[in-house]
Amino acid sequence: MKHLLKPIKDYPVPEALLFDLDGTLYRGNEPVPGADRLIAGLQSRGMLCLYVTNNSTRTPAEVAEHLHEMGIPATEEMIVTSALAAAEYARANYPGADTYAIGEKGLKEALQSAGMRLLPELSSSERAALVVQGLDRKLEYDQIATAVTHLLNGAAFVQTNPDRLLPIDGGFLPGAGTIGASLQAATGIEPVVIGKPSRILMEYSLKLAGVPTERSWVIGDNPYTDLAAARNVGCPSILVLTGLCTKANWEEHCAAAGVSPDAVCEGPQQLQELLDEVLS
């Protein structure tokens with residue numbers, strides 16, 4: 001089945017492809033079959049490929065290494081994380097601010113590289129101007145209490161991504177959105193959300209790509225995040241049925257998300273055929 005049920009619209013030839021990662025090119029620690037050949041073929045043609053992920057826990061170098069381990073070509077410069085976009089947002093809006101961060105290595109290194117001054121992880125007598133919150137899989141109660149104190153004292157609130165659940169092999173874990181929900185419940189303050197479906201991560205990715213929106217195609221498995229983000233910035237989108245959606249339910253998911261992909265492909269092989277037609 002080539003371009004499952006729906007053909008691509010008559011868009012300009014793409015100059016950049018913005019790929020989601022988990023569910024699109026791999027699932028957990030296993031590559032989606034054919035993802036390595038797809039990316040290698042695109043790179044051999046000189047196509048700009050960026051990997052755009054809501055995951056804020058790892059550095060670009062760590063993400064690239066993870067992809068390499070699965071045989072998927074990647075360099076650090078190809079990786080765009082919600083942590084990088086959050087750090088850039090913080091630098092642009094709160095330059096050099098005292099910042100309280102809930103998150104892992106990827107977020108903290110990004111914030112420090114952007115010139116933010118990070119306050120201690122637990123209780124601090126210093127007052128933060130900004131709270132940046134991502135996923136922390138070793139979260140302690142005192143970190144929540146400290147963040148709440150800073151927010152109630154007037155700190156701005158930035159969240160890397162809204163994902164309530166983190167998919168793992170055979171199930172789910174609480175995600176960054178779940179931690180953020182506790183901070184919102186305690187303070188009544190809504191964060192500025194950086195990751196998909198927000199425009200912020202996408203606009204940051206497009207700036208790095210240096211390619212107009214109509215020539216930047218978004219490829220992902222999740223209508224609620226990937227496709228909604230593409231819609232929010234005006235990029236064409238391709239849904240792949242390698243993660244959240246199946247042949248039986250993709251239309252239902254898209255309707256619930258209020259999105260309509262420009263093409264639907266079963267996986268990398270069908271996507272390669274579609275792109276071969278467009279790029280030839």
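Residues numbered from 1 in each chain as written. Predicted model: local features only at pLDDT ≥ 70, side-chain atom pairs only at ≥ 80, totals over all residues. Heavy atoms only, no water.

### Topic: the environment of I79
Item 1. Within the secondary structure layout, I79 lies in strand 5 (residues 79-81).
Item 2. Under the relative-accessibility criterion, I79 is labelled buried at 3%.
Item 3. In this structure the C-alpha to C-alpha distance between I79 and V278, which are 199 residues apart in sequence, comes to 25 Å.
Item 4. Filtering out sequence-adjacent residues up to four positions away, I79 remains in contact with Y51, P60, V63, A64, L67 and L84. (Helix = DSSP H or I, 4+ residues; strand = E, 2+ residues; numbered from the N terminus. Buried < 20%, exposed > 50% of the residue type's maximum accessible area, 1.4 Å probe, protein only. Contact = heavy atoms within 4.5 Å.)

### Topic: helix 4 (residues 105-113)
Item 1. By the burial criterion, the buried members of helix 4 are G106, L107, K108, A110 and L111.
Item 2. Its buried side turned inward, helix 4 meets helix 3 (82-93), strand 6 (98-102), strand 7 (117-118) and strand 8 (130-133).

### What about the sheet that holds strand 5?
Item 1. Taken together, six strands build an open sheet; the order of strands is 5-4-1-13-14-15 and the sheet is parallel. Looking at the sheet topology across the chains shown, the edges are occupied by strand 5 and strand 15 (263-265). Neighbouring strand axes in the sheet, compared pairwise and without regard to direction, differ in orientation by 25 degrees on average.
Item 2. When strand 13 (residues 216-220) meets strand 14 (residues 237-240), the two strands line up parallel, connected through three bridges. Across the sheet, residue G220 finds its bridge partner in strand 14, namely L239.
Item 3. Each of strand 4 (48-53) and strand 5 is contacted by helix 3, which is oriented at about 65 degrees to strand 5, the strand it contacts most. (Pairing = 2+ DSSP bridges. Axes fitted to C-alpha atoms, helices over the stretch in contact; angles between N-to-C directions.)

### Points about helix 7 (residues 199-209)
Item 1. Within helix 7, burial applies to L201, M202, Y204, S205, L206 and A209.
Item 2. Measuring from the backbone nitrogen of I200 back to the side-chain oxygen at the start of helix 7 gives 3.1 Å, which picks out S198 as the cap.
Item 3. Remark: G210 follows helix 7 within two positions and exhibits a positive phi of approximately 70 degrees. (Polar contact = N/O pair within 3.5 Å; in protein donor to acceptor, adjacent residues only side chain to side chain.)

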